Amino acid sequence: MADENCPKCGAPLGDITETKTGKKLQRCTAGSWNAETHQTQGCDYVKWLEVPPQELDEKCPKCGANLILATTRFGKKMKKCSTGGWDPQEKKAIGCDYVEWINGTSEPLDMDCPSCGEKLVLFTTSSGKKMEKCSTAGWDSSTKAPTGCTYVKWLKPGEVPTSNAGEEFLPPEPKEG
Ligand SMILES: [Zn+2]
Ligand SMILES: [Zn+2]
Ligand SMILES: [Zn+2]
């Protein structure tokens, strides 16, 4: 495939780069990011690339095919059946229509809650925002009130919980012999 050129200024597009959230993009080589002014200099054209869906190790409860993880352009995540699709000619859904929206995920952290001493969990919302919250926190749907500990700390984009920062993110060293 020939190198693509920028539709704005005609300069070639640069290498594909990946954001922290796993989105892929190509910037125009006639533009560059100035970290001091936080502004793009030159051409600001950015081409967002479709991220291929990630196949999950889970089966569709309707038809038994593999599920895939899809992300909408607004960053919401859903699991959907890999046999499902859209027929642009017939303008109708084809295959299996199973979809499960993901409202957020939480993973345990090796950190203690500063207000009650229980463990914290890292909660990721469906839009990709992250917060540390207490593992005892819950929601009572009958009283519509939070239960347990209410400790919450929102993380800035790109920020990682301190206990997981640094060396723990490195892959384990290969064993010799
Ligand atoms: Zn350009
Ligand atoms: Zn299915
Ligand atoms: Zn707590």
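Just above sits the structure.
Thresholds, definitions, all that
Residues numbered from 1 in each chain as written. Chains lettered and ligands numbered in written order. Predicted model: local features only at pLDDT ≥ 70, side-chain atom pairs only at ≥ 80, totals over all residues. Core = buried A, V, L, I, M, F, W, Y, C linked by C-beta atoms within 7 Å. Buried ≥ 20, exposed ≤ 12 C-beta atoms within 10 Å, placed from the backbone. Contact = placed C-beta atoms within 7 Å. Pairing = 2+ DSSP bridges. Helix = DSSP H or I, 4+ residues; strand = E, 2+ residues; numbered from the N terminus.

Visitor: Before we move on, could you go through the nonpolar core and cite the residues and values that matter?
Guide: The nonpolar side chains of a soluble globular protein tend to be buried, and buried together. Counting residues in hydrophobic clusters, the biggest one holds five residues: Cys 113, Leu 120, Val 121, Cys 134 and Ala 137. Ignoring sequence-local partners within four residues, the contact set of Cys 113 consists of Glu 118, Leu 120, Cys 134, Cys 149 and Tyr 151.

Visitor: For the pairing of strand E13 (residues 119-125), give the residues involved together with the corresponding values.
Guide: When strand E12 (residues 104-112) meets E13, the two strands line up antiparallel, connected through six bridges. Following the sheet pairing, Asp 112 is matched in E13 by Lys 119. Connecting E12 to the next strand, E13, in antiparallel fashion are six residues, including Gly 117 with a positive phi near 90°. Judged from the five bridges that link them, E13 and strand E14 (residues 130-134) form a sheet pairing that is antiparallel. By the bridge assignment for E14, Leu 122 is matched with Glu 132. Remark: four residues form the turn of the hairpin made by E13 and E14, two consecutive strands paired antiparallel; Gly 128 in that turn has positive phi of roughly 90°.

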